[in-house]
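Descriptive structure summary
In case you want the letters, here they are:
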Amino acid sequence: MSNYMLTPNARQMADREAIREVANRYAHGVDRLDGDWMRSAYWPDAIDDHGVVVGNAWEFVDRVVASHARWAFTMHTTTNHQIELGDDGVSATGELYNVSYLMWADRRTLDTWYGRYLDRYEKRGDEWRIIHRVCVH
């Protein structure tokens, strides 16, 4: 039986909350064009697969900060974050939904984007971060 079906213990609850915070740091960083916040969600050797760009996540962050300058503002909302902790205590997988609102800087048009993030997380020391992310458009 998967561990999400069991009543979590205190360690599992703390790990899940730390993982949720990782996802929130990414969204916070995107919306503020703050590369340091975004990078804090990924391990330096992490891979991000956003479809059009697949590669090192920290390099992906630099592309996002540059490309998002065309928006007057963005708001990335994440919901339904399902997390399954690995039995080893240092790995986890997650799936969360993303609705992003993107206001064009040069016209009064609001775009809305819907997708999912399929994440693999890794705990190093006491810290959780994303080691692999796939963005499903």
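Here, the structure is the one placed above.
Below: a short report on this structure. As the structure is a prediction and not an experimental result, all values here were calculated from the model.

Conventions used here
- Residues numbered from 1 in each chain as written.
- Predicted model: local features only at pLDDT ≥ 70, side-chain atom pairs only at ≥ 80, totals over all residues.
- Heavy atoms only, no water.
- Helix = DSSP H or I, 4+ residues; strand = E, 2+ residues; numbered from the N terminus.
- Polar contact = N/O pair within 3.5 Å; in protein donor to acceptor, adjacent residues only side chain to side chain.
- Pairing = 2+ DSSP bridges.
- Axes fitted to C-alpha atoms, helices over the stretch in contact; angles between N-to-C directions.
- Contact = heavy atoms within 4.5 Å.
- Buried < 20%, exposed > 50% of the residue type's maximum accessible area, 1.4 Å probe, protein only.
- Salt bridge = Lys/Arg side-chain N within 4 Å of Asp/Glu carboxyl O.

This part takes up the side chain of D119. One can find D119 in strand β5 (residues 110–124). Among the polar contacts listed, one links the side chain of D119 to the side chain of R133, at a separation of 2.7 Å.

For the rest of this paragraph, the subject is the sheet that holds strand β4 (residues 91–104). If you walk across this open sheet you meet the 6 strands as β2-β1-β6-β5-β4-β3, and the pairing is mixed. In this open sheet, the two strands that pair with only one neighbour each are β2 (54–56) and β3 (71–85). Geometrically, the sheet is characterised by an average inter-axis angle of 20° between neighbouring strands, direction not taken into account. Bridging between strand β1 (residues 42–49) and strand β6 (residues 127–136) involves 4 bridges; their strand directions are parallel. Its bridge partner being in β6, D49 is matched across the sheet by V134. Against the sheet, helix α1 (residues 10–31) contacts β1, β3, β4, β5 and β6, and its axis sits at roughly 160° relative to β3. Along the sheet, helix α3 (residues 57–67) makes contact with β1, β2, β3 and β6, crossing β1 at roughly 65°.

At L33, a residue that is not glycine, the phi angle is positive and equals roughly 50°. Looking at the element boundaries, L33 is found in the loop between α1 and α2 (35–39). Judged by its relative accessible area of 36%, L33 is partly exposed. In this structure, N80 takes a positive phi of about 50° despite not being glycine.

Our focus in this paragraph is the environment of H50. Here H50 is to be found in the loop between β1 and β2. Sequence separation of H50 and E84 is 34 residues, and the distance between their C-alpha atoms is 22 Å. Those residues in contact with H50, other than ones at most four positions away along the chain, are Y26, F60, Y117, R133, C135 and H137.

Moving on to the pattern of salt bridges. In this structure the tally under the stated criterion is 10 salt bridges. A salt bridge links R11 to D15; its shortest N-O distance comes to 3.0 Å. Here the residue R11 and the residue D15 both occupy positions in helix α1, the gap between them amounting to 4 residues, near one helical turn. Assessed through its relative accessible area of 5%, D15 is described here as buried. For D36, the salt bridge goes to R39, with nearest N and O atoms at 3.2 Å. Taken together, the residues D36 and R39, both in helix α2 and 3 residues apart, mark about one turn of the helix. Residues joined in a network through salt bridges with shared partners are R11, D15 and K123.

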